[in-house]
Structures are given as structure tokens and as C-alpha cells.
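Inside the fold
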Amino acid sequence: MPARSATAAERRRHDREILALAVPAFGALVAEPLFLMADSAIVGHLGTAQLAGLGIASAALTTAAGVFVFLAYATTAAVARRIGAGDRRAAVQQGVDGIWLALVLSAGMVALTLALAPQAARLLGASATAAPYAVTYLRISAFGIPAMLLVLAATGVLRGFQDTRTPLLVAIGGFSANLLLNLGLVYGAGLGVAGSAWGTVIAQNAMAAVYVAVVVRGARREGAGLRPDLAGIKASARAGGPLVVRTLSLRAALLIATAVAAHLGDTEVAAHQITMTIWSFMAFALDAVAIAGQAIIGRYLGAGDLPGTRAATRRMIEWGIGAGVLLGLLMVLARPLYVPLFTTDPSVRGQLSTVLLLAALTQPIGGLVFVLDGVLMGAGDGGYLAWAMLATLLVFAPAALAVPALGLGLAGLWWAMNLFMLTRAAFLAGRVRTGRWMVTGAVRA
């Protein structure tokens, strides 16, 4: 009885910790798509060409943000380790180094975006009528890139400090400001697409200013320096490098899936896009648990607490799989409610009847994958994550590309997507089982 009681108490403690981090993280994760939805809803009333231009520009900016998400992930793990080791000053210093890295990287991104906006619009298939709007939006948005990357890095700092509530509050404020600014500048000032871009840039810079104030206050409180430290910036870049490879491999797999769906036909690509939209939204809930995992595991390993690391990992796996089961059931049972919101085309609905079931089938596997991804990120095991995602891409790509030749249709593509998730799960679970990722200490050697 005493042993069972201790175990139950431990589980409750982990549950409270996971929920305290994951629930606010979910809210902050949803904020970015809300930015794009608000922009699309406002610009959509200007005309089809304007909306198409916004769509092209948003795709380019979203891809850039995805590539640089390592600024949040690597910083979270590094800061959490130092928090676990009890060195708050070094934790803040690590965060400051990550912010300087974000500013260094953004300088190059601003220059490239300003210079190559027309080429980017053409590469992404902008029509002659939509291209000018896409170029306008991209070039104005370039002035928001430093703020966008700074927000990523500063979010990682706060997550490392086990704080996901502040990013949620900043995200809510940023979304509200973005909505009001867009309405005022697009319609009130009559600036059109340019007004939408400026509204988002202003909101992004306001969010960045809040984050800078929070980090600066923390640095002064802990006695950490604010000047750029070349060694620290280089260390942040080295930690993030493997995560760039991981992210690029993941995005390559998703782009291959979209290209294959487009090759199958308009009906198939429409059904694929709807399924991916639902699948991606479900991923936000699962990714929230992964973010909690990054912060919690980094802290435990920094403190040298291997039993705590194992126990927290087990509990998060249970949470991930359980959430995946619930989301899979929701995906299936709620189809009559959400499918009509996306399409009334009977042929598209016919495709969806099968592929939504296939997507729902692996939600529990997705829950496992997201949690283990977060656990290994929290441990700073970026090298393995890069290798594993590259290997997964090599398994998925031939399977997906063979779908049209074999006449397997969209269902065949989503079987390949399920293979993608199963392969990821196998690589990640295999790594976690070995225990070699559990390197303790304030800095991962």
C-alpha cells in the first residue's frame, strides 16, 4: 500500500507539472495560425488576387519561421538544464546568447527577403496578378523578421524557466493588436495588403519588446550580462544546427506528400489539404505536451535526477498516447460537424471518408512521437534527432513517390504518411529505451 501511495503521489505531481506547462503552451501555439487567419479574413474582402498574394507570402514566411524554430527548442533545453543545476545566472546568460543569435541570423534574413521577394513569389507559383501583392507583403514583412526570430528565442528562455504562461499572455496581446491594426490600416487607412503587412510587423515588434523587457529584467535580477558573447552565440548555433537538419527533413516529407497529392488530381489535393489542416491542428495539442517535455526533462537532467527523468518520461508518454487516442476518436466522430465547413463537393467528401480514418488511426502514435521528440530535445539530443528524421525521410520518400505509379490514390498516400509516423516512433522509442540520451549536468557534454 505505501508503495502504491507513493507512486500515485508521484504521478499526481507529474500531472500537475505537465498540465501547468502544456495548457498555456497550447494557447500560445494556436496564436500563430490565428494571426494568419485574421490576415486572410481581412485581406480576403479586398479581392482574390490580394488574398492569393497574401497566401504566397504567408507560405514563405511560415517556412522561414519553421526553419528557425530551433531558436526556441535549443534554448529551452539549454536554459532548463542550468535551472535544474541551480545556476539561474548562467540560465539567463544562455538565453541572452540565444537572443543575440536570433538577431544575427535575422540580419541576413531581412537582406535576403528584401532582395529576393520577387523570385520567392515566382518560385511559389504566384500568378501575374497575385505576384505584386505577394512581393509587397514580403518586403514589408522583412522588417518583422528580427522580431519574429527574437520572439522564438525569448520564448525558449521562458520555457526553460518553466514559464509558458507569459508567452500565452504575450501571444493573446499580439493577436489582439494584430487584428485591430489590420482592420485600421487595411480599411481605415486604405493601405490594402500593405496595411495588413504593416499591422503584423507592428504587432510582432510589440511582442518582441515585451519579451526583451522580461529577459532584461531577469538578467539584471540574476546579475547576467547583456552584451553579445561570441563563444555563447557560437554554442547556441552549434546546439541548434542539428535541429535545423531535423526540421528541414520534416518539411521535405510534408512537401513531398503535397506534391504527390497534387499529382493525383484536384479532388485528391483538396481532400489532402483538408486532412492536413485537421491533422496539423491536432498536432498543436500534442506539441504542447512535447514543449512541457523539453522544459521538464532539461531541468531534471540538469539536476542530475535520473529517476525523476525516467518517471517524468513515462508519465508524459502516457499523456501523449492518451491524448492521441482522444484526438483520434474526436477526428472520426466529429466529421459531420467539421467536414461541411471545408467542402460541399461530393467527390472530395468521398475521398475524405477514407483518409480521415487513416489520419485518425495514427493519432496515438503521433502522441508518442511528439512526446519523445520533446523529451530528446529537452535532453539536447539534437544529433540523434537529425539522423533519425533524415532516415525517416529516406523511408517515406520512396513509399510516397510510388503511390501514383502503383495507382494507390490518396488512401495510398496516407498509408505512406502512417508509415512515416510509425518509422519516427520506432527511431525515437528505440533511442529512449537505450538511455544513452540521459546525459546529466548543467551543460550537455
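In case you missed it, the structure is sitting above this.
Residues numbered from 1 in each chain as written. Predicted model: local features only at pLDDT ≥ 70, side-chain atom pairs only at ≥ 80, totals over all residues. Heavy atoms only, no water.

What about empty space enclosed by the protein?
A probe matching the size of a water molecule, rolled over the atoms, marks out where space remains unfilled. Where we set the bar: Using only the protein atoms, space was sampled on a 1 Å grid; points where a 1.4 Å probe fits but cannot get out form cavities, open sets with protein on both sides within 12 Å along at least five of seven lines form pockets, and lining residues are those with an atom within 4 Å of a point. Grid points are joined across faces, edges and corners, and a volume is the space filled by probe spheres set on the points. The helix and strand labels rest on DSSP assignments: H or I over at least four residues marks a helix, E over at least two residues marks a strand, and numbering proceeds from the N terminus. Here the term charged refers only to Asp, Glu, Lys and Arg, the term nonpolar to Ala, Val, Leu, Ile, Met, Phe, Trp, Tyr, Cys and Pro, and the term polar to all other amino acids, Gly among them.
Applying the stated criterion across every chain yields a total of three cavities of 30 Å³ or more. One number sums up the size of the largest cavity: a volume of about 60 Å³. Around the largest cavity, the lining residues are F70, L71, A74, T75, A78, Q94, G98, L101, S236 and A239. Those elements that provide at least two residues to the lining of the largest cavity are helix 3 (70-84), helix 4 (88-123) and helix 9 (230-264). When residues of the lining of the largest cavity are assigned to their parent elements, the largest contribution, five residues, is made by helix 3. Residues of the lining of the largest cavity, tallied by class, amount to six nonpolar, four polar and no charged.

Structural notes on the packing of aromatic side chains
The cut-off we apply is this: Any two rings among Phe, Tyr and Trp, with Trp reduced to its six-membered ring, count as a pair given centres within 6.5 Å; such a pair is stacked if its planes are under 30 degrees apart, edge-to-face if over 60, and tilted if neither. Classification of residues uses two cut-offs on accessible area relative to the type maximum, computed with a 1.4 Å probe and protein chains only: under 20% is buried, over 50% is exposed, and between them is partly exposed. Only Lys NZ and Arg CZ are tested; either one counts as a charge over a ring when it is within 6 Å of the ring centre and within 35 degrees of the ring normal.
Summed over the entire model, instances satisfying the criterion amount to eight aromatic pairs. The interplanar angle of 85 degrees and the centroid separation of 6.2 Å between the aromatic rings of F281 and F284 together place this pair among those described as edge-to-face. Placement of the pair is F281 and F284 together in helix 10 (residues 266-302), with a separation of three residues, close to one helical turn. Using a relative accessible area of 47% as the deciding quantity, one classes F281 as partly exposed. Clustering of aromatic rings is evident, with ring pairs tying together F26, F281 and F284. Between the NZ or CZ atom of R299 and the centre of the ring of Y300, over which it lies, the distance is 5.0 Å.

Considerations on the side chain of R82
Convention followed: We score Asp and Glu as negative and Lys and Arg as positive, and we do not count His or the chain ends. Between Lys or Arg on one side and Asp or Glu on the other, a salt bridge is scored when a side-chain nitrogen of the former is within 4 Å of a carboxyl oxygen of the latter. For this analysis, a polar contact is any N or O atom pair within 3.5 Å, provided that within protein one partner can donate a hydrogen and the other can accept it, and provided that sequence-adjacent residues contribute only side-chain to side-chain pairs. We call two residues in contact whenever any of their non-hydrogen atoms come within 4.5 Å of each other.
Mapped onto the secondary structure, R82 falls in helix 3. Within the buried set, R82 has no salt-bridge partner at all; the shortest N-O distance to an opposite charge, 6.5 Å, is to D87. A polar side-chain atom of R82 sits 3.3 Å from a polar atom in the side chain of Q94. In this view, R82 contacts D87, A90, A91, Q94, A442 and V443; residues no more than four positions away in its chain are not counted.

Digging into the environment of V67
Considering the arrangement of structural elements, one finds V67 in helix 2 (residues 48-67). Sequence separation between V67 and V193 is 126 residues; the distance between their C-alpha atoms is 25 Å. Not counting the four nearest positions on each side in its chain, V67 is found in contact with V244, T247 and L248.

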